[in-house]
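# Working through the structure, step by step
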Amino acid sequence: MTEPGTAATRRGERGRTVPGSRRLPATHGSLARGASAPLPGTLFALALTGGMTLGPGEGREVLFGRNRPEVHVCLGEDDPQLSRHQGTLTHRDGSWWVSNSGRLPIRCAGARLLFRGEEPLPLDTGYTPLFVGGSRGREHLLEVFVTGPDGDRPSPRHGDVTRPPRVWVLTDQERIALVVLGRRYLLHEPRPQPLTWKQTAAELAESQPHEGWTDRRVEHLINGVRTRLSRDGVPWLTREELGEPVGNALNDHLIRALMASTTLVPMDLALIDAA
């Protein structure tokens with residue numbers, strides 16, 4: 001932070017400044033496209049109203065929040081649900097860290113929620129989007145980019161062959177059982193939950209009365225898929241990873257992993273209609 005009373009800390013319409021920083025206009029392109037700076041570890045922070053870039057230095061801080069005159073990057077200035085000082089980006093021990101000073105949590109990478117009073121989280125090199133929920137379902141995005149050792153933007157790769165996602169092979173029986181189990185997810189219902197073994201078996205028995213569907217058979221098939229994915233490195237598919245009580249969490253993570261990899265897609269719902 002700059003010392004009070006210096007020209008660099010005068011508070012005005014554009015908010016606070018830091019010595020050595022540079023303003024990013026609201027028209028600046030998304031940091032998801034990358035950013036470059038001659039000094040590794042340079043921070044870029046950008047919201048809808050603009051942002052700033054700042055080189056590394058022990059104790060340097062970038063404040064963000066709703067109160068434009070008091071922060072360096074204004075986030076959600078027209079949304080009273082955001083805090084005036086929502087959070088801080090701090091450089092220490094050679095890395096940039098994000099901490100939360102606001103009433104609402106900050107959603108970080110991997111859907112990790114960072115709450116006020118928790119220890120700061122380190123920011124990886126490259127692009128990190130930070131989200132804060134607001135009024136009437138709004139979400140406010142603070143884009144953060146930390147330059148790496150080369151300080152270069154990612155190179156365009158227009159002509160490269162698209163890398164396909166990892167898709168797992170399923171038998172016909174496994175696929176239709178998973179489609180029924182995860183029907184609510186494939187239908188994009190809000191806050192979906194997997195069906196129980198008994199519910200899944202009952203729906204399958206109704207659509208395929210001669211296939212011998214039971215809840216034990218459904219459980220055996222689904223657990224087999226979950227074991228294969230876990231062995232292939234997909235996390236949060238075992239009781240040891242989740243701890244007790246497990247509830248529906250194992251099947252919830254399984255269905256989400258299969259959908260994220262496009263092993264299961266909404267078009268698979270046609271298998272139920274065709275049965």
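Note that the structure is a prediction, hence the values are computed from the model and not measured. (Residues numbered from 1 in each chain as written. Predicted model: local features only at pLDDT ≥ 70, side-chain atom pairs only at ≥ 80, totals over all residues. Heavy atoms only, no water.)

## Observations concerning the overall build of the protein
Put simply, the rule reads: Comment: elements are numbered from the N terminus, with helices defined as DSSP H or I runs of at least four residues and strands as E runs of at least two. Here the globule rule reads 2.2 Å times residues to the power 0.38, and the radius of gyration is calculated from C-alpha atoms. Two residues form a contact once any of their heavy atoms are found within 4.5 Å. Working definition of accessibility: Shrake-Rupley area with a 1.4 Å probe, residue cover restricted to the visible protein chains. Think of it this way: Lys and Arg go in the positive column, Asp and Glu in the negative one, and His and the chain ends go nowhere. We put the charge of a Lys on NZ, of an Arg on CZ, of an Asp on CG and of a Glu on CD.
Looking only at helices and strands, the protein has 7 helices and 12 strands in total. Taking 275 residues into account, the globule formula puts the C-alpha radius of gyration at 19 Å, and the protein, at 24 Å, lies well above it. Across its three principal axes, the protein shows a C-alpha extent of roughly 80 × 45 × 35 Å. When contacts within the protein are restricted to residue pairs at least 6 apart in sequence, long-range pairs at least 24 apart make up 53% of them. Surface exposure of the protein reaches about 15600 Å², of which carbon and sulfur atoms provide 51%. Counting 34 positive and 32 negative side-chain charges, the protein places the averaged centre of each group 6 Å from the other.

## Focus on the nonpolar core
Put simply, the rule reads: For our purposes a nonpolar core is just a set of buried Ala, Val, Leu, Ile, Met, Phe, Trp, Tyr and Cys residues, chained together by side-chain atoms within 4.5 Å. When a residue's accessible area, from a 1.4 Å probe over protein chains only, is under 20% of the maximum for its type it is buried; when over 50% it is exposed; and in between it is partly exposed.
Within the largest apolar cluster, 27 residues are counted, with the highest numbers of intra-cluster contacts made by Leu 178, Leu 204, Trp 213, Ile 222, Leu 229, Leu 254 and Leu 264. Those elements that place two or more of their residues in this core are helix H1 (172-181), helix H2 (183-186), helix H3 (197-207), helix H4 (215-231) and helix H6 (249-260). Contact partners of Leu 264, with chain neighbours within four places excluded, come to Leu 170, Arg 175, Leu 178, Val 179, Leu 186, Leu 258 and Met 259.

## So, the sheet that holds strand E9 (residues 113-114)
Which entries qualify depends on this criterion: Strand pairing is assigned whenever DSSP identifies at least 2 bridges connecting the two strands.
Spatial strand order, E1-E3-E2-E12-E11-E8-E9: 7 strands in an open sheet with antiparallel pairing. Two strands lie at the open edges of the sheet, namely strand E1 (22-24) and E9, each paired on one side alone. Here E1 runs beside strand E3 (residues 50-54); their pairing, made up of 3 bridges, is antiparallel. Within E3, the position partnered with Arg 22 by the bridge is Thr 53.

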